[in-house]
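# What the coordinates show
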Amino acid sequence: KELCLKIKDNNWKFLVEDEELRVSFSVDGKDSIMNFRIKVDEESQRIKLLSHIPINIAPQKNKDIALAICAANNRIIDGNFDYDTKSRIVFFRMTNSFNDLEVKDDVLDYMLECSFFVVDKYDTLLRALADGLMNVDEFIKMIYQFPSDFEKEDAHKKQNALKIYG
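Cut-off values and rules
Residues numbered from 1 in each chain as written. Predicted model: local features only at pLDDT ≥ 70, side-chain atom pairs only at ≥ 80, totals over all residues. Heavy atoms only, no water. 1 Å grid on protein atoms, 1.4 Å probe; cavity = no way out; pocket = protein on both sides within 12 Å on 5 of 7 lines; lining within 4 Å. Points joined across faces, edges and corners; volume = space filled by probe spheres on them. Helix = DSSP H or I, 4+ residues; strand = E, 2+ residues; numbered from the N terminus. Nonpolar A, V, L, I, M, F, W, Y, C, P; charged D, E, K, R; others polar. Phe/Tyr/Trp six-rings, centres within 6.5 Å; stacked < 30°, edge-to-face > 60°. Lys NZ or Arg CZ within 6 Å of the ring centre and 35° of its normal. Expected span 1.5 Å × (residues − 1). Buried < 20%, exposed > 50% of the residue type's maximum accessible area, 1.4 Å probe, protein only. pLDDT = per-residue confidence, 0-100. Contact = heavy atoms within 4.5 Å. Pairing = 2+ DSSP bridges.

## Quick look at empty space enclosed by the protein
- Summed over the entire model, instances satisfying the criterion amount to one cavity of 30 Å³ or more.
- Taken together, S32, I33, M34, N35, S51, H52, I53, P54, V119, D123 and R127 form the lining of the largest cavity.
- Mapped onto the lining of the largest cavity, the elements with two or more residues apiece are β3 (33-41), β4 (46-53) and α3 (105-130).
- Considering only residue class, the lining of the largest cavity consists of five nonpolar, four polar and two charged.

Here it is in structure tokens:
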């Protein structure tokens, strides 16, 4: 319920599949429309967020994309990309456990904001690699030019520690 209200508040188009406790919606990214699906799995008590990255990947690009996905996952703190080399489909996935607790707004906010940021950040680069506009070495060099989520978190902790301990 809270998720649907949050999506409505942001004027995102969405579809609710009530019996499955699933919500599908789209968000405008920098270079493309990002499609997301969130499923609440009461049995396993998890919220699963998926985003299919619509990229046409030629079979000869399988190894490059797989290597790029590994490098990207190494830079991401929450969530990860999955790549199926047979179907050549890329997904971003984030899961959060709620263990009989009410899912709070800040948890949904974090999952959504983090997923939007990561998908938007890597979608263009993965697409350029798949289209042959860059090679895998250039992809890896490019993603290491901006701070990783780990480095950002460490910098944030250090900044907060400086404020606290002066």
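## Quick look at the packing of aromatic side chains
- Tallied over the full model, the rule gives three aromatic pairs.
- In this structure an aromatic cluster arises from ring pairing among F81, F92 and Y122.
- Over the face of the ring belonging to Y144 we find R75, whose NZ or CZ atom lies 4.1 Å from the ring centre.

## A look at helix α2 (residues 62-75)
- Between the first and last C-alpha of α2 there are 20 Å, a value that for 14 residues agrees with the 20 Å anticipated at 1.5 Å per step.
- Along α2, the residues classified as buried are N62, I65, A68, I69, A71, A72 and R75.

## Structural notes on the confidence of the model for the chain
- Here the chain averages 78 in pLDDT, while 70% of its residues score no lower than 70.
- Across residues 157-166 the pLDDT falls below 50, and counting only partners more than four positions away or on other chains, this stretch makes one contact in the model.

## Some thoughts on the pairing of strand β5 (residues 80-84)
- Only one face of β5 is buried, namely the one carrying F81 and Y83, since none of N80, D82 and D84 on the opposite face is buried.
- Of the pairings in the sheet, the one linking β5 to strand β6 (residues 89-97) comprises five bridges and is antiparallel in character. Across the sheet, Y83 pairs through a bridge with V90, a residue of β6.
- In this structure, the hairpin formed by β5 and β6 is closed by a connection of four residues, where R88 is found at a positive phi of approximately 60 degrees.

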